[in-house]
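Architecture at a glance
Residue-level listing of the chains:
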Amino acid sequence: MSENSKKKIENFKRDLRINQQNISNLSVKIRKFIQQIRFETIKKLKEKENETDLENIEIINAILERLLEEMIISPNFDKINGFIKKKNELEDQKIHDQIQKLKKKNFDYFGLPNQLSKIDWSLSSRILRTFNICKLPYEFLNVLLTTADSVFHTINSNILNHDIQSEPNKLVTGDDFLPIFVFVLVNSQIENLVSISEYLIDYSDPKEMNHESGYYLTTFCSSIQFIKTSENL
Amino acid sequence: MTFVTPNASKIVILGDSGVGKTSLALRFTHNEFHDLELSTVGAKCFTKSVHVADKDVHFSIWDTAGQERFQSLAPIYYRNSRAAIIVYDITQKKSFHEAERWVDEMKRHGDEDLVIALIGNKSDLNEYREVKMKVAQEYALKNNLIFLETSAKTGEHVEDLFMKIAEMLPSVHAKIPENLDHNFGIVSISKLEEKEKRKEKKNCC
């Protein structure tokens, strides 16, 4: 990163004001700035290197995103998080209450196929629980990806160990994944789910949102909505 | 760490549960059918590129859950999609009616330039057919949809489907968010509800 960019970041951080009034526009301001620095840095790199291939640019982009989140969002996380939590206090409490009721429900309430309901999903729930120590958007998105991986590995290890009966070459479909994820989320003991989802939607790298991270963030948001609207508990 | 394909066009796959949505995506992206090893990969967002009219079109294909209890969550998934593949099972009449419902929903709530494809899957099971091809074809024609019968099992017409979609996309480039405020291809349900309410209010006045 150039000295000029570093100077811009310092100035941006110095001038950043975070209060209840500007919290809704703050994410736009921060994201625009991160995009701008990333764009400028990549542009300079392209000018410098004649043959920078696409893969390298994507790797540099991902590293820059992490670096900029660390530099800009991290020092302000507690303040931002505090305001978002305050705004969503009632919604967070509502989801918390719904989860307490859903924890008592059987697997079939979530629409899990019979054979998958015999599986122990506690590993996936424990992985997702590490949300409680995440601060930066990329950290949350990585936890979502790891949780999704663990779901598929859990299913396959159960099939391979013959703990569950399965058709030969059974494919775990989109029909199966969402109910499993809802179940895992309900049992993950994460607080302030609405606040977390709002933070991630507002502060995550928009470039990722049409891809795998975006897909699992969408599944996370959908699961919260399912919990919120569950009736007859 | 994941690395993204630049400017990928998002395609959402909708349809009743068990019609073969995941199998279609897997056949197209990995040329496989029900492969046990691949299920460990855990990707329910599949990616692949095709070359059309001298351009590379990158697809990001989003699988969804088809059960009725999850239908209200679909708008979170199909937001910002460039194309919707609505799948039914040719051996299940009920799944065709469900597909008609999805077509209505996408026409009402999808983006103006959304490409919609109606797909009759499991064409390898012709002897158990409950949905006549002619009926589906006429419905597709009337509603200006791409129509194909496919078999994820044999691979029949799966590649054709995605090539047709690529050809129909208004631009080979993905939409770049006009602004960064809640327009990342993902939006919370409450914000969608607000948008719908505003739309309804506008229509009734």
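I will try to describe carefully the structure that is included in this document. (Residues numbered from 1 in each chain as written. Chains lettered and ligands numbered in written order. Predicted model: local features only at pLDDT ≥ 70, side-chain atom pairs only at ≥ 80, totals over all residues. Heavy atoms only, no water.)

1. Some thoughts on unusual backbone geometry
- Of note, A:Gln189 is a non-glycine position whose phi angle comes to about 55°, a positive value.
- Position of A:Gln189 among the secondary structure elements: in the loop between helix 8 (174-186) and helix 9 (193-203).
- Overall, A:Gln189 belongs to the partly exposed group, its relative accessible area being 47%.
- At B:His157, a position not held by glycine, the phi torsion is positive, near 65°.
- The residue B:His157 is located in the loop between strand 6 (146-149) and helix 6 (158-168) in this model. (Helix = DSSP H or I, 4+ residues; strand = E, 2+ residues; numbered from the N terminus. Buried < 20%, exposed > 50% of the residue type's maximum accessible area, 1.4 Å probe, protein only.)

2. Things to note about the sheet that holds strand 5 (residues 115-121) of chain B
Residues and elements named next belong to chain B.
- In spatial order, the strands read 2-3-1-4-5-6; together these six strands make up an open sheet with mixed pairing. Looking at which strands have only one partner, the edges of the open sheet turn out to be strand 2 (45-52) and strand 6. Sheet twist, expressed as the mean angle between neighbouring strand axes with direction ignored, is 25°.
- The pairing of strand 4 (residues 83-89) with strand 5 spans seven bridges and is parallel. By the bridge assignment, tyrosine 88 is partnered in strand 5 with glycine 120.
- On top of the sheet, helix 1 (residues 21-30) reaches strand 1 (9-15), strand 2, strand 3 (55-62), strand 4 and strand 5; it is set at about 50° to strand 2, its chief contact.
- Lying over the sheet, helix 4 (residues 93-109) contacts strand 1, strand 4 and strand 5, oriented at roughly 165° with respect to strand 4. (Pairing = 2+ DSSP bridges. Axes fitted to C-alpha atoms, helices over the stretch in contact; angles between N-to-C directions. Contact = heavy atoms within 4.5 Å.)

3. Thoughts on the pattern of salt bridges
- A complete count under the given rule lists 18 salt bridges over all chains for this structure.
- Measuring nitrogen to oxygen at the nearest pair gives 2.9 Å for the salt bridge that ties A:Lys8 to A:Glu40. You can see A:Lys8 sitting in helix 1 (residues 3-15) and its partner A:Glu40 sitting in helix 2 (residues 23-48), a full 32 residues away along the chain.
- Note that A:Asp175 is salt-bridged to B:Lys21, the shortest N-O span being 3.1 Å. Of this pair, A:Asp175 sits in helix 8 while B:Lys21 sits in helix 1, which puts the two residues in different chains. Each of the two residues, A:Asp175 as well as B:Lys21, counts as buried.
- One continuous salt-bridge network, built from bridges that share partners, spans A:Arg31, A:Arg38, A:Glu65, A:Glu69 and A:Asp205. (Salt bridge = Lys/Arg side-chain N within 4 Å of Asp/Glu carboxyl O.)

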